[in-house]
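Here are the chains, one letter per residue:
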Amino acid sequence: MNEDLARIALRTAQKLGASYVDARYVNIESENLHVKKGVAEEIRNRNLAGIGVRAIAKGAWGFAGTTVLKRASIVDIAKKAYKVACASARAKRADVKLSPTPAKKAKYSTPIRKDPFKISLNEKLDTLKTAERIAAAESKELIKTSSSFFRAHRERKLFLSSEGAEIDQKIVWCGGGVSATAIKNGDVQVRSYPASFRGNFNTAGYEFLESLDLAGHASETAREAIQLLSADKCPSTTTTLLIDGDQLALQVHESCGHPTELDRALGTEADYAGTSFLTTDKLGSFRYGSPKVSISADATTPGGLGTFGYDDEGVPAKNVPLIKEGVFVNYQSSRETAALLNLPEGSSGGMRADSPLAMPIVRMTNINLLPGDWKVEELIRDTQEGILMSTNKSWSIDDRRLNFQFGTEAAWLIKNGSKERMIKQATYTGITHQFWGSCDAASNDDWHMHGTPTCGKGVPGQVMYVGHGVSTARFRNVRVGIA
Amino acid sequence: MSEIARKATSIAVKKGADQAEATAFTFVEDLTRFANSQIHQNVATYKNGLRVRAVLKKKIGDIMVGALDPSSVEKAVNDAIKVAKVSPQNELFKSLPEPKKYSVLKGTYDRKTATCNPNLRADNAKRAIQIAHDKANFVKAVAGSYMTGSAAFAVANSLGTDAGAQISLAQMAVTVISEKDGSEGHGYYSAYARNMKEINVDDIAVKAADKSIRSVQPTRLEPGEYEAILAPDAVALSLSYLSNGFLATWFQDGTSFVKYNLGKQVFHEKFGLKDDGRDLATLYVSPVDGEGVPKQALTLVKDGVVDEKGICYDSYTAGKEGKKSTGHAVAPVIETFASGPDLTNMIMSPGDASEEEMVRETSRGVYVSRFHYVRTVNQPRMILTGLTRDGTFLIENGEITKPVRNLRFTDSFLDVYKGIQLIGRDQERQAFATVPQLKVGKLRFTGVSEQ
């Protein structure tokens, strides 16, 4: 039935004269659970379904979407998409052109073993409660808040285009985490496992949450929060910095993921998130990092939060190198932006919308820092003096993605090849290409997928789920201890 | 919508809920976005939905669906009850809010704004682009958006609450990029209103273009402590982070700076801040919150002093402390990832200074048009980091002398706002706060961005 509605939308806009139309039926279901101080404070289920129609008319884009899934309202939004496109044409400089992509008839489903929506609420809450209670038990006096989280997302997407594409996808992801907040004399210290801001997420079934073993890590998480209370503050200095995967994932996200988005580089996000220092004249020649740095946009990585079959323009999932041995070699692009640059390989396949009511924009898939040759322990042993930082706490970067500053939940001083002691309020700052230029080593034994389910971009604002495969890496001469 | 909310509530009670609440909502967002001096995205969206909370012996089912047709309403109610039945008891939950009388706010909805034609938005975009380009031949590109639409919700609960609100919205933002000898200068200006008649396209375009033209060829300013003049946009963004300290969720978790400074003068004595959802000077006005509780005007900061009376609550967080909600529950129409109360109608008291006076009173300082990507580094100390953007200038001996590259700041905003020297006499409406311009004695800049 929803396929029929999508077809009606295509036919209606085409009849009016649209030169290209696509229609997306999307149904998103989500479940959010939060256990705090022994109480299941949040049990939220959300369900949104709708159709979005994108049309090119008179050489310009128009988009309309609705949650009312009735024939009359679908005809109405198809007409609206056409009308809005005509309005866009009143202020256009050039006609929209799309790079070619084969019109596929295909299906894709996230491979899962246990459907997270079929696991009983009791089982999920028991898992969360057990982990949360273990964290709380570390110290009744000092652990003031302990929490555990679970989130599951199921998305059915049906994409039809006037070029003949018919793609049916079912994306499932889930995950969670545990955190402990220790407070003493106004000093607030938080530790989280496996990541801050509600945990880690993968395109996978409930087996992913089970693999995290929240209960098995809750005690150490809370203990470290308590240890931070008596730790010294991160010194203000320039030193060798080791960053673990949980923090490095966000570093890759902010300083490589966003600046390699071609829409940013071409100026179409200038009014909100900003532009990019990776201007088109730098493509293929700019030294972004050291030869140790290779980064790809890979929508095919198993488990990655940005893994899917096809993007929201019907382009198949691709693995596109962005940085090859330190050199900037490619952008993340759409059919339109790829055509503007005449990219021979066409779109990188990263166009996604966060709901049926949003127009797709260039989004990260899985932006992966390829693993290095080291084991984490070897990296530490090889470092005479430095700091190891872990788990993101704060993040900020300028509108061209150059000047960044990150803070982490925890850090350790490294002296003579071993972790000496824990320090708190750790921050580091730098300029993107100088920072990546100082990377001299990365590990391979802790490389895994980190999920970022809350990447904001666009106007109107959209929130997308993206992934990052990273391990621990080492950087020389980094300024730390700013706050 | 009121009827749908009442019906859903009554179905839930008939099906066994001890208490039930239903909120029906609609959100219309039509937005024309431009960049590189042409329209590149143009959307028209209609979203509706229903949130149902069913309570059975303190067990709560919380369901939201994106539909308002009778079968979806019934299914949402059934699902909420189903979830409640299998949920554990939440002993911290006291009750859904009791009904309270409130007076309706008039003049918050303009039909023409809510149903604006896309051609009008496109023509306004075109006009802003033309005006900016006419200002100088080195204006390179104009970007921005023009949005019109409306938001409405109706909430009913089994205790008799039957309330709602409706507003229309019009917003325009313009970014102008100029370039001289390969060096870019950016300028930005925006306006937020409930009636598109209040959106002065010419004024927005001129202000953004002027700043952009003056920003080209910036020089590098060494990081350090400087006096600073913060334009309203920068003040509002910093307040949106400071305001977290007044949320019951932060206060109860012990992460709020207010908790550690009760009764203390943490800000300058001239610093006054309130939140008032009924004050038409703010944008997202509503007589009631997302639970139908009348919005209470809260004094957050008085004479620079913070205390417990400034903490905002929804019914759940209030119940934990045996208090009543202050009317700050978020309506499902703007539900975000985080749950709990929020401040959306802040107003900072004006002073008596003009911008000229602020500049005149600055011996060596930085003029900040906007902050960008602000984040909290330390919650109890309210240490924030972020960057300047879209027009940063050096002030020397009482005069703006030259544009400087964007700077990173890292500082405690308890200290920054303790050091307020002058407060602007004019307030400007931003999205979640209506604020004046400020001059502060010290802002710590910790880095410089590259050109």
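The residue count restarts for each chain, going from 1 along the sequence in the order it is written. Just so you know, chain letters begin at A and ligand numbers begin at 1, following the order they were written in. In view of the model being predicted, local features appear only for residues whose pLDDT reaches at least 70, and side-chain atom pairs are presented and counted only at 80 or more, with totals across whole chains, interfaces and linings using the full set of residues.

1. Observations regarding the overall build of chain A
Numbering goes from the N terminus for both helices and strands, where a helix is a DSSP run of H or I of at least four residues and a strand is a run of E of at least two. Regarding its fold elements, chain A presents ten helices and 24 strands. Judged by the C-alpha coordinates and their principal axes, chain A covers about 70 × 55 × 35 Å. The burial label depends on the number of other C-beta atoms within 10 Å of a residue's C-beta. Counts of 20 or more mean buried, 12 or fewer mean exposed, and intermediate counts mean partly exposed, with C-beta atoms placed from the backbone. In chain A, buried positions account for 63% of the 483 residues.

2. Some details on the interface of chain A and chain B
Taken together, the 64 residues of chain A in the interface contact 75 residues of chain B. Among the elements that make up the side of chain A that touches chain B, the one with the highest residue count is strand E2 (residues 39–57) of chain A (twelve residues). For the side of chain A that touches chain B, the class distribution of residues is 28 nonpolar, 23 polar and 13 charged. Strand pairing is assigned whenever DSSP identifies at least 2 bridges connecting the two strands. In this structure, strand E3 (residues 60–66) of chain A lies alongside strand E2 (residues 38–56) of chain B, joined through four bridges in parallel fashion. Across the sheet, residue A:Phe63 finds its bridge partner in E2(B), namely B:Val43. Placing a C-beta atom from the backbone of each residue, one calls two residues in contact when those atoms lie within 7 Å. Each residue is assigned to one of three groups, with Ala, Val, Leu, Ile, Met, Phe, Trp, Tyr, Cys and Pro labelled nonpolar, Asp, Glu, Lys and Arg labelled charged, and all others, Gly among them, labelled polar.

3. Topic: helix H4 (residues 118–135) of chain B
Helices are assigned an expected span. That span is 1.5 Å times one less than the residue count. Over its 18 residues, H4(B) extends 26 Å from the first C-alpha to the last, a length consistent with the 26 Å expected when each residue adds 1.5 Å. Every buried residue of H4(B) is accounted for by B:Pro118, B:Arg121, B:Ala122, B:Asn124, B:Ala125, B:Lys126, B:Ala128, B:Ile129, B:Ile131 and B:Ala132. Buried residues along H4(B) sit in contact with helix H2 (71–88) of chain A together with strand E1 (19–35), E2, strand E4 (139–157), strand E5 (162–180) and helix H5 (201–215) of chain B.

4. Describing the domain arrangement of chain A
Residues and elements named next belong to chain A. Throughout, the edges of the domains are those of an automatic or database domain assignment. Domain annotation of chain A identifies domain 1 (2–230) and domain 2 (233–480). For domain 1 and domain 2, the distance between their C-alpha centres works out to 21 Å. Of the residues lining the interface, 44 residues belong to domain 1; the matching set on domain 2 comes to 38 residues. Grouping the constituent residues of the side of domain 1 that touches domain 2 by class yields 23 nonpolar, 15 polar and six charged.

5. Details of the confidence of the model for chain B
Mean pLDDT over chain B works out to 96, with 99% of the residues at or above the 70 mark. In the model output, the complex is listed with pTM 0.96 alongside ipTM 0.95. Per residue, pLDDT captures the predictor's confidence, and it can take any value from 0 to 100.

6. Concerning the environment of B:Glu355
With respect to the secondary-structure elements, B:Glu355 resides in helix H9 (residues 355–360). Spatially, the C-alpha atom of B:Glu355 lies 8.9 Å from that of B:Arg425, the residues being 70 residues apart in sequence.

7. Re the sheet that holds strand E11 (residues 295–298) of chain A
All names here are of chain A. As summarised here, the arrangement of the four strands in space is E13-E12-E11-E16, forming an open sheet in which the pairing is antiparallel. The open sheet has two free edges, formed respectively by strand E13 (327–328) and strand E16 (367–369), since each of these has just one partner strand. As defined by bridge partners, strand E12 (residues 319–324) adjoins E13 across two bridges and the pair is classed as antiparallel. Across the sheet, isoleucine 323 pairs through a bridge with phenylalanine 328, a residue of E13. On top of the sheet, helix H6 (residues 245–257) reaches E11, E12 and E16; it is set at about 115° to E16, its chief contact. Axis geometry follows a simple rule: fit a line to the C-alpha atoms, using only the stretch in contact for helices, then measure angles between N-to-C directions, giving values from 0 to 180 degrees.

8. Quick word on the nonpolar core
One nonpolar core equals one set of buried Ala, Val, Leu, Ile, Met, Phe, Trp, Tyr and Cys residues connected by C-beta atoms within 7 Å. Membership of the largest hydrophobic core comes to 295 residues, with the highest contact counts inside it found for A:Val53, A:Ala85 and B:Val174. When residues of this core are assigned to their parent elements, the largest contribution, twelve residues, is made by E4(B). Look past the residues within four positions of A:Ala85 in its chain and what remains in contact with it is A:Ala18, A:Ala55, A:Ile56, A:Ala57, A:Lys58, A:Ala60, A:Trp61 and A:Gly62.

9. Structural notes on helix H6 (residues 232–242) of chain B
The buried fraction of H6(B) is high, at nine of eleven residues. All of the buried residues along H6(B) are B:Pro232, B:Asp233, B:Ala234, B:Val235, B:Ala236, B:Leu237, B:Ser238, B:Leu239 and B:Leu242.

10. Focus on the pairing of strand E1 (residues 20–36) of chain A
All names here are of chain A. In this sheet, E2 lies alongside E1 in antiparallel orientation, the contact comprising 17 bridges. From the neighbouring strand, lysine 36 faces E2, where its bridge partner is valine 39. Bridging between E1 and strand E5 (residues 143–161) involves 15 bridges; their strand directions are antiparallel. Bridge pairing in E5 links glutamate 31 to alanine 152.

11. Remarks on the pairing of strand E6 (residues 166–184) of chain A
Residues and elements named next belong to chain A. Burial of E6 is extensive: 14 of the 19 residues sit out of reach of the surface. Summarising the sheet, strand E4 (residues 105–109) and E6 pair through five bridges and their orientation is parallel. If you follow tyrosine 108 over to E6, its bridge partner there is glutamine 169. Both E5 and E6 contribute to a ladder of 17 bridges, which runs antiparallel. Bridge pairing in E6 places glutamate 155 opposite isoleucine 171.

12. Quick look at the domain arrangement of chain B
All names here are of chain B. Taken domain by domain, chain B holds domain 1 (2–213) and domain 2 (218–451). Summarising the inter-unit geometry, the C-alpha centres of domain 1 and domain 2 are found 23 Å apart. The interface of domain 1 with domain 2 comprises 35 residues on the first partner and 30 residues on the second. At the level of elements, E1, E2, E4, E5 and strand E6 (183–193) are the ones that each hand at least two residues to the side of domain 1 that touches domain 2. Considering each element in turn, the side of domain 1 that touches domain 2 owes the most residues, six residues, to E6. Its residues assigned to classes, the side of domain 1 that touches domain 2 comprises 18 nonpolar, twelve polar and five charged.

13. A word on unusual backbone geometry
Residue and element names in this part refer to chain A. Along the chain, tyrosine 193 connects to proline 194 via a cis peptide bond; the corresponding omega equals -10°. Secondary-structure assignment places proline 194 in the loop between strand E7 (187–193) and strand E8 (200–202). In the segment running from valine 459 into proline 460, the intervening peptide bond is cis, with an omega of -5°. With respect to the secondary-structure elements, proline 460 resides in the loop between strand E22 (448–457) and strand E23 (462–470).

14. Regarding the environment of B:Ile400
Residue and element names in this part refer to chain B. With respect to the helices and strands, the residue isoleucine 400 is situated in strand E15 (residues 399–403). In sequence terms isoleucine 400 and aspartate 314 are 86 residues apart; their C-alpha atoms lie 46 Å from each other. Among all residues touching isoleucine 400, those that are not within four sequence positions of it are Val359, Tyr367, Phe393 and Ile395.

15. Concerning the environment of A:Ile43
Mapped onto the elements of the fold, A:Ile43 is located in strand E2. We classify A:Ile43 as buried; it has 25 C-beta atoms within 10 Å. Note: C-alpha distance between A:Ile43 and A:Thr307 (264 residues apart in sequence) is 27 Å. What A:Ile43 contacts, discounting residues up to four positions off in sequence, is A:Leu33, B:Ile60, B:Asp62, B:Val83 and B:Ser87.

16. Notes on the packing of H4(B) against H5(B)
Residues and elements named next belong to chain B. The interhelical angle for the contact between H4 and H5, taken along N-to-C directions, is 35°, at an axis separation of 9 Å. Judged by the twist between their axes, the crossing of H4 over H5 is right-handed. Seen from H4, the contacting residues are Asn124, Arg127, Ala128, Ile131, Ala132 and Lys135; seen from H5, they are Val201, Asp202, Ile204, Ala205, Val206, Ala208, Ala209, Asp210 and Ile213. Grouping the constituent residues of the contact of H4 with H5 by class yields ten nonpolar, one polar and four charged. Two helices cross in a left-handed way if the nearer one is turned anticlockwise from the farther one by less than a right angle. They cross in a right-handed way if the turn is clockwise.

17. Observations concerning the packing of helix H3 (residues 121–137) of chain A against helix H5 (residues 214–229) of chain A
Residue and element names in this part refer to chain A. As a packed pair, H3 and H5 sit with axes 7 Å apart at the nearest point and diverge in direction by 25°. For the element pair H3 / H5, the angle class is roughly parallel. The chirality of how H3 crosses H5 is right-handed. Here Thr127, Thr130, Ala131, Ile134 and Ala135 of H3 lie close against H5, whose contacting residues are Leu214, Ala215, Ala218, Ser219, Thr221 and Ala222. Among the residues making up the contact of H3 with H5, the classes are represented as seven nonpolar, four polar and no charged. Throughout this description, any angle smaller than 35 degrees is read as roughly parallel, any larger than 145 degrees as roughly antiparallel, any in the 65 to 115 degree range as roughly perpendicular, and the remainder as oblique.

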